[in-house]
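# Residue-level structural notes
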Amino acid sequence: MQVKKTNYTVNATPTFEVLTEEEIEAIYFSALRVLYETGVRVYEEEGVEIAHSGGAIVEDTTDDSSLVKIPPWMVDKALATLPRKVVVVGPDREHRMELYKNQIYFGAGSDTPFTWDPYTGERRRATYEDVKNFAKIAQAMPNMDFHMSLGIVQDVNVGTYDRWQYLAMLEGTTKPINITAVDLDGLQDQLEMAYVRVGGKEEFEKGPIFSLYIEPVSPLSHSEEVIQKLLFATDNGIPFVYTPCPLAGATAPCTLAGTAVQALTESLFGIVLSQLRKPGAPMIIGGLMSNMDMRTTVYCYGSPEMALLSAAYTQITKWLGVPMYETAGCSDAKMFDEQAVLEATFNATTAALTGGNMIHDVGYLEQGLTSSMEMMVATNEIVDRVKRILRGIPVTDETKALDVIEDVGPGGHYLEHDHTYTRFKDLIWQGPLTDRQNWENWDLAGRKTFRDRVHARVLEILETETEPLIDEDMYKELRQICELADERHKGEELDFDMFV
Amino acid sequence: MSDTLERLATAVVEGNVDSMEELAQEALDEGLSAQEILNDGLMGGMNHVGKEFKAGNMFVPEVLRSAKAMKEAMKLLEPMLAAGEAQATGKILLGTVKGDLHDIGKNLVGMMCEGAGFDVRDLGTDVEPDQFLSAIKEFEPDIVGMSALLTTTMRAMGDTIKAIEEAGLRDQVKVMIGGAPVTQRFADDIGADGYAANAASASDLAKEFVGAA
């Protein structure tokens, strides 16, 4: 039989879709209606003024806020200038995120009050040293592409902990960082620190070494602090994540389509405001949508609804051409246990298969209240498996290997064949922490479980000496910015012991 | 227990909002006092709801629906109770402290406490210490409840307690606090009387404070 050759290769990456294009459109156009007819409440005068002079209707102004209604044409206009691709780099330009359709990057979550101490095995308040150690783990994990502060630094001033967190992360990693800021002052200080780290404002503008996390409050509220951060980031060329965190059934409709409509409305307002302020300002919308647990009232970080909503929202953002902030690698489990791995596997797999861009919250346990180094290391391995699946099964003349089958023939074997030798490492996945030994060897090796192996890897990374990532002079300069901030916030110290 | 009281209790458990007023009227027509209807009918239902919720058999939206049903009946009964026959379990003043706009947790506490028979006044979000003070003077609550979600704003709880002390009102109220970053130790350190980890335990704590537990 003659094989007709096609003139192109088809390699369909496996994808996971939960909405049809018609459904995406229905959600988008509904969000436009909510933005115009229900409106959003804005607690910052300048933000209201910018929206108003851009064509928005402003109603019901009170002492502290206004209801702002955005007509659909303003959204069209904003989307026309919004960059479809956003780039965030590491300080040495080696690590780089190109955020656009289907480009997946995994990274940590941020600002957990608690952490699991890998040595004592106790859950306690997070410190500077913890945040630095988490950054070190992220640096060592090939599938962690960006980083966030996996702990609120609580052994420093409460009003300035954001600067210390940034310093701790810079000490531990050269990957792109997504920062949080206590307030505008904290953001300004961290931008100064980034200038120091990268060699000046111009260098930062060429390739920003951090993005900023901003979280409007659901339902449909944009606080003073949120708008101030948005405007500052826009003015200073800082890419920012604008991610509401609606809770289906509590701060958003119980129906997931309704939650998606509301979240999109909240994000679209951020898009409109940023593009009015500065056309072309880079932003990423998200991204953290889940349900309230109706027994305990907690925000679920490991529910199937979260995975489903993330998938739906990713599809919407791809259709819109806006970079997406996804959520995965996280769990509601209290410690690194079977539920933690189960939930992280589930949400990391769906996140990767839908092609969300900046997939955060790796390392979260206990609904984002506790961080775990084991969780991050385990998720790295989960992501590695998922990436294998994403490579799919390319079907070509070469991969169908008819000549090799012919060559080996009935009853032979492929182990010695060149075709195997040159390809197996790339095609047959191996994970450093996955056990495939036979019983005898596993028994001899001390019957180590996945949990044991992950824990051992965490300790190995922590105990491996590494070269400092920043030299002493630069460290001093960075530290001085933190100390000057402490000076300005004197008397606001929280007694760290009160948390113990 | 009279058949009508039992039906009232069942209607509360089932969250049968629409039938409450009619049932309460029926009970009054039978000669039962507003006090009896409240204690044996409505509160009986709510106590059952509380138990089922703790056992994991009822969920938050169902508890809130039951509380709403009870409130429906109270519309009719309240004027009679206010006439001196009985009081609410107690009065609670609530607010999310200065700098914080998050209010879902605080709202839940309010609804749960209302369900437990408290008269609740909610000052909303971003509440300044001064606003708490004037509301304490005017509303005269038994309990002041404060909430914060952010580590940065939880300090405002301490500031508010200090302000209450300085105004000489500290002895008049019990202070309870809550929110994701808050712990018992933090509550102790800033001089709060209690801490609750979630809305249901906040309502239990409030009952303890007024001796209704």
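What you see is a predicted model, and the numbers here were worked out from it, not measured in a lab.

### Here we look at the overall build of chain B
When you go through chain B residue by residue, the secondary structure sums to nine helices and five strands. Its helices and strands taken in sequence order, chain B reads α-α-α-α-β-α-β-α-β-α-β-α-β-α from the N to the C terminus. Relative to the globule expectation of 17 Å for 213 residues, the C-alpha radius of gyration of chain B, 18 Å, shows essentially globular dimensions. Its C-alpha atoms give chain B principal-axis dimensions of about 55 × 35 × 25 Å. Carbon together with sulfur atoms contributes 46% to the accessible area of chain B, which is approximately 9,400 Å² in total. For chain B, the distance from the average site of its 18 positive side-chain charges to the average site of its 36 negative ones is 6 Å.

### Some words on helix α4 (residues 128-140) of chain A
In this model, α4 of chain A (13 residues) spans 19 Å end to end at C-alpha, consistent with the 18 Å of a helix rising 1.5 Å per residue. Within α4 of chain A, the full set of buried residues consists of Y128, D130, V131, N133, F134, A135, K136, I137 and A138 of chain A.

### Some remarks on the domain arrangement of chain A
All names here are of chain A. One can read the domain layout of chain A as domain 1 (21-78), domain 2 (83-390) and domain 3 (397-427). Here the C-alpha centroids of domain 1 and domain 2 sit 25 Å apart. Facing 27 residues of domain 1, the contacting portion of domain 2 comprises 24 residues. When domain 1 packs against domain 2, the two sides together hide about 2,300 Å² of surface, and 82% of this comes from carbon and sulfur.

### Quick look at the interface of chain A and chain B
Listed as interface residues are 24 residues of chain A and, on the opposing side, 19 residues of chain B. Interface area for chain A against chain B, summed over the two sides, is near 2,000 Å², with a carbon-plus-sulfur share of 69%. Taken together, chain A and chain B are joined by zero salt bridges. Linking chain A with chain B are three residue pairs in polar contact (both at pLDDT 80 or more).

### Observations regarding the side chain of S65 of chain A
Residues and elements named next belong to chain A. Following the sequence through the fold, S65 ends up in the loop between β2 (57-59) and β3 (66-69). At a separation of 3.3 Å, a polar atom in the side chain of S65 contacts the side chain of D64. Leave out the neighbours within four places in its chain, and S65 touches R41, V42, Y43 and D60.

### As for helix α11 (residues 338-354) of chain A
All names here are of chain A. When the terminal C-alpha atoms of α11 are compared, their 24 Å separation across 17 residues agrees well with the 24 Å that a helix rising 1.5 Å per residue should span. Turning to α11, its buried residues are A340, E343, A344, N347, A348, T350, A351, A352, L353 and T354. Looking at the buried positions of α11, the neighbouring elements they touch are β6 (105-108), α10 (304-320), β16 (324-327), β17 (358-362), β18 (364-365) and α12 (373-390). Backbone geometry just downstream of α11 places G355 in the positive-phi region, at approximately 85°.

### Concerning the packing of aromatic side chains
Residues and elements named next belong to chain A. Within the structure shown, the criterion is met by eleven aromatic pairs over all chains. For the ring pair Y128 and W164, a centre distance of 6.2 Å and an interplane angle of 80° mean the geometry is edge-to-face. Here Y128, found in helix α4, pairs with W164, found in helix α5 (residues 161-172); they are 36 residues apart in sequence, far enough to count as distant. Judged by its relative accessible area of 11%, Y128 falls in the buried class. Given a relative accessible area of 5%, W164 falls into the buried group.

### Topic: the sheet that holds β17 of chain A
Residues and elements named next belong to chain A. If you walk across this open sheet you meet the seven strands as β6-β17-β16-β14-β12-β10-β9, and the pairing is parallel. In this open sheet, the two strands that pair with only one neighbour each are β6 and β9 (177-179). Neighbour-to-neighbour, the strand axes of this sheet turn through a mean angle of 30°, independent of strand direction. Judged from the three bridges that link them, β6 and β17 form a sheet pairing that is parallel. Across the sheet, the residue bridging to F106 is I359, located in β17.

### Quick notes on a nonpolar patch on the surface
A contiguous nonpolar patch, built from L402, I405 and Y414 of chain A and spanning about 290 Å² of accessible area, is present on the exposed surface. Residue classification places Y414 of chain A among the partly exposed positions, given a relative accessible area of 37%.

### Notes on the pattern of salt bridges
Residue and element names in this part refer to chain A. Tallied over the full model, the rule gives 36 salt bridges over all chains. Among the ionic pairs, E59 bridges to K69, the shortest N-O distance being 3.0 Å. Residue E59 is found in strand β2, and its partner K69 is found in strand β3; the two are separated by ten residues along the sequence. Overall, E59 belongs to the partly exposed group, its relative accessible area being 33%. A relative accessible area of 13% places K69 in the buried class. Overlapping salt bridges bring together D162, R163, D185, D189 and R488 as one network.

### Here we look at the sheet that holds strand β8 (residues 123-125) of chain A
Residues and elements named next belong to chain A. Pairing is mixed across the open sheet formed by four strands, whose spatial order is β8-β7-β19-β18. Two strands in the sheet have a free side with no partner beyond their single neighbour: β8 and β18. The pairing of strand β7 (residues 114-116) with β8 spans three bridges and is classified as antiparallel. The residue of β8 that forms the bridge with T115 is R124.

### A closer look at the environment of R93 of chain A
Residue and element names in this part refer to chain A. Relative to the assigned elements, R93 resides in the loop between β4 (86-89) and β5 (96-99). Here R93 falls in the partly exposed class, since its relative accessible area comes to 30%. Taking the C-alpha atoms as reference, R93 lies 33 Å from G302; in sequence the two are 209 residues apart. In this structure R93 touches V198, E203, K206, G207 and I209, once residues within four positions along its chain are discounted. In this structure the side chain of R93 is engaged in a polar contact, spanning 2.7 Å, whose partner is the backbone oxygen of E203. For R93, the side chain forms a polar contact with the main-chain oxygen of G207, separated by 3.2 Å.

Conventions and cut-offs
Residues numbered from 1 in each chain as written. Chains lettered and ligands numbered in written order. Predicted model: local features only at pLDDT ≥ 70, side-chain atom pairs only at ≥ 80, totals over all residues. Heavy atoms only, no water. Helix = DSSP H or I, 4+ residues; strand = E, 2+ residues; numbered from the N terminus. Rg over C-alpha atoms; globule rule 2.2 N^0.38 Å. Areas by Shrake-Rupley, 256 points an atom, 1.4 Å probe, with all protein chains shown as cover. Lys, Arg positive; Asp, Glu negative; His and termini not counted. Charge placed at Lys NZ, Arg CZ, Asp CG, Glu CD. Expected span 1.5 Å × (residues − 1). Buried < 20%, exposed > 50% of the residue type's maximum accessible area, 1.4 Å probe, protein only. Domains from an automatic or database assignment. Contact = heavy atoms within 4.5 Å. Buried area = accessible area lost by both parts, 1.4 Å probe. Salt bridge = Lys/Arg side-chain N within 4 Å of Asp/Glu carboxyl O. Polar contact = N/O pair within 3.5 Å; in protein donor to acceptor, adjacent residues only side chain to side chain. Phe/Tyr/Trp six-rings, centres within 6.5 Å; stacked < 30°, edge-to-face > 60°. Pairing = 2+ DSSP bridges. Axes fitted to C-alpha atoms, helices over the stretch in contact; angles between N-to-C directions. Patch = residues over 30% accessible without salt bridge, like charges linked within 9 Å, V, L, I, M, F, W, Y side chains within 5 Å.

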